[in-house]
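# Report on the structure
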Amino acid sequence: MTVTSWVRLRRPATVALCTLAAIAVAWPIAAAAGARNDPDAQEAARLVRGTRDSAADHDFTGFATITWTTPEKKQSAQVHVTDVGGAVAIAATEGGGAVVDEGRRTYLKDRLGWTGLVVEPTAHDLPAPDGRWKLTTDGARTVAGRPATVVLATRPDGTPAQRMVIDDATGLLLARAILGPGGKVERSVGFSTIDVRARDARTISPPAGVKTSTAEKLTSVPDGYRAPGSPAGFELVTRSRHPDGVLLFYSDGVFTASVFEQQGDLDWGTLPNGGTDTQLADTRTRTYHEASGDVAVWERNGLVYTCVTDAPSDVFAHMVGALASDARSTPEAVVDFVLGPFGWG
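Residues numbered from 1 in each chain as written. Predicted model: local features only at pLDDT ≥ 70, side-chain atom pairs only at ≥ 80, totals over all residues. Heavy atoms only, no water.

### Side note on helix 2 (residues 313–324)
The test is simple: Helix and strand labels come from DSSP, where a helix needs a run of H or I of at least four residues and a strand needs a run of E of at least two; each type is numbered from the N terminus. Here a helix's expected span is defined as the number of its residues, less one, multiplied by 1.5 Å. Only protein chains enter the calculation, and the probe is 1.4 Å; a residue is then buried if its accessible area is under 20% of its type maximum, exposed if over 50%, and partly exposed in between. The contact definition used throughout considers only heavy atoms, calling two residues in contact when any of these lie within 4.5 Å.
Taking 1.5 Å as the rise per residue, helix 2 with 12 residues should run 16 Å; its terminal C-alpha atoms sit 16 Å apart, in good agreement. Taken as a whole, helix 2 has its buried residues at V315, F316, M319, V320, G321, L323 and A324. Along its buried surface, helix 2 packs onto strand 19 (245–251), strand 20 (256–263), strand 22 (276–280), strand 23 (283–289), strand 24 (294–300) and strand 25 (303–309).

This is the structure we're talking about:
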């Protein structure tokens, strides 16, 4: 979801262009401690960890179908995906939208043309995937004609939160489904066709004449901003400075969340149509359901927050509630999404 600024800034500034997307989880290389005595959990963790290496070792092209659920209806879209030499191009089959990610630079195409996006710091040292979630295998499945293994990430109450389908031959992530607390699929993405090849030296050229910029990596946030270290089980992984605010990237080992903060007052009248007003932690919040993730916007103590995540609705609500209620947090000291579903990035 591309979000134009809806903040009444307290000082003159240009309107920010903030693109928030679900980002691929860079799975840890080492096996998590909780899986050591459970062979099935060990195998599930091995498969999940292997998806990142497999994406780095293979080129592929194909069509993928994305589905997501809004309060009104279930929606779907089809995209054409090409990965060559680590660069990824994604083009919608209808509407003309496209994304090109060449590794260090990312470009977005909408009805107004190509835009160079602000490049974020690389996320390292993410939480272990089974630190919060139980990982298990759940049988076999065929996706796009390829035999694959299903891996579940399960809540403490035993209900599944995510289903991953991993190619047996290459280790590539072929499909992913996010499930709500009642078991209903809230968002999914998966290949309908895919042609996989060994990686070669070719690559994808970025759009000509379009510039990008790089966010300033931070070890602590500036005065006037807040960076809770672990809201509702999500750990702060990176923080960076943008022209009109600060972007924080969180992960709980399975799901991710990006939180953009701007100083000022929220102009509710300029928010896009299609959102739903809710109360989280006694804070008015506008939420949106997009193909790449759920989005929430709220205001608290002189800061306007825009948060996007690939997590299920209950997990998202818990995290946003924790962030919105963090009135006592202080500027934090030094502490240690359409690409993410397939391990791209």
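So that's the structure; there's more coming.
### Side note on the nonpolar core
Let me state the cut-off plainly: In plain words, nonpolar cores are sets of buried Ala, Val, Leu, Ile, Met, Phe, Trp, Tyr and Cys residues tied together by side-chain atoms within 4.5 Å.
F234, L248, Y250, F255, V259, W298 and M319 are the most contacted members of the largest nonpolar core, which has 40 residues in total. Discounting chain neighbours no more than four positions away, the residues touching V259 are V246, L247, L248, Y250, Y305, T306, C307, M319 and L323.

### Describing the environment of V189
Relative to the helices and strands, V189 is located in strand 15 (residues 185–198). Look at V189 and you get buried, because its relative accessible area is 8%.

### Concerning the pairing of strand 9 (residues 113–116)
Selection rule: Pairing between strands is defined by DSSP: at least two bridges between the two strands are required.
For strand 8 (residues 106–110) and strand 9, the ladder comprises 4 bridges, and the chain directions are antiparallel. Considered in strand 9, the bridge of L108 is made with T115. Joining the antiparallel neighbours strand 8 and strand 9 is a turn of 2 residues.

### Things to note about helix 1 (residues 39–57)
Applied cut-off: A residue's bend is simply the angle between two axes: one fitted to the seven residues ending at it, one to the seven starting at it. As used in this structure description, the phrase polar contact means that two N or O atoms lie within 3.5 Å; if the pair is within protein, one of them must be able to donate a hydrogen and the other to accept it, and residues adjacent in sequence are counted only when both atoms belong to side chains.
Taking 1.5 Å of rise per residue, 19 residues should cover 27 Å, and helix 1 covers 26 Å from first to last C-alpha, within 8% of that figure. Maximum bend of helix 1: about 30°, positioned at T51. Among the residues of helix 1, those classed as buried are A41, A44, A45, L47, V48, R49, T51, S54 and A55. Residues of helix 1 that are buried sit in contact with strand 4 (58–69), strand 5 (74–84), strand 11 (134–143), strand 12 (146–154), strand 13 (160–167) and strand 14 (173–179). The opening residue of helix 1, the one whose side-chain oxygen lies 3.1 Å from the backbone nitrogen of D40, is D38.

### Details of the sheet that holds strand 12
Strand-to-strand pairing in sheets goes through backbone hydrogen bonds, with the strands running parallel or antiparallel. To keep it simple, the criterion reads: Lines are fitted to the C-alpha atoms to define the axes, a helix being fitted only along its stretch in contact, and any angle between axes, read from their N-to-C directions, falls within 0 to 180 degrees.
The strand order 9-8-7-6-5-4-15-14-13-12-11 describes an open sheet built from 11 strands, whose pairing is antiparallel. Edge strands, defined here as strands with exactly one partner in the open sheet, are strand 9 and strand 11. Strand after strand, the sheet turns through a mean of 15° between neighbouring axes, direction not considered. Looking at chain direction, strand 11 and strand 12 are connected through 8 bridges and run antiparallel. Each bridged residue has a counterpart across the sheet, and for V143 the counterpart in strand 12 is R146. Those strands touched by helix 1 are strand 4, strand 5, strand 11, strand 12, strand 13, strand 14 and strand 15, and its axis lies near 60° from that of strand 11.

### Examining the confidence of the model for the protein
Here is the rule we go by: As a per-residue quantity, pLDDT reports the predictor's confidence and falls between 0 and 100.
Summarising the model, the protein shows a mean pLDDT of 80, and 83% of its residues fall at 70 or more. The lowest-confidence element of the protein is strand 3 (residues 17–19), averaging 26 in pLDDT; the highest-confidence one is strand 12, averaging 97. The model gives residues 1–5 a pLDDT under 50, and that stretch makes 22 contacts with residues more than four places away or in other chains. With pLDDT under 50 throughout, residues 8–34 is counted as low confidence; its partners more than four residues away or in other chains account for 84 contacts.

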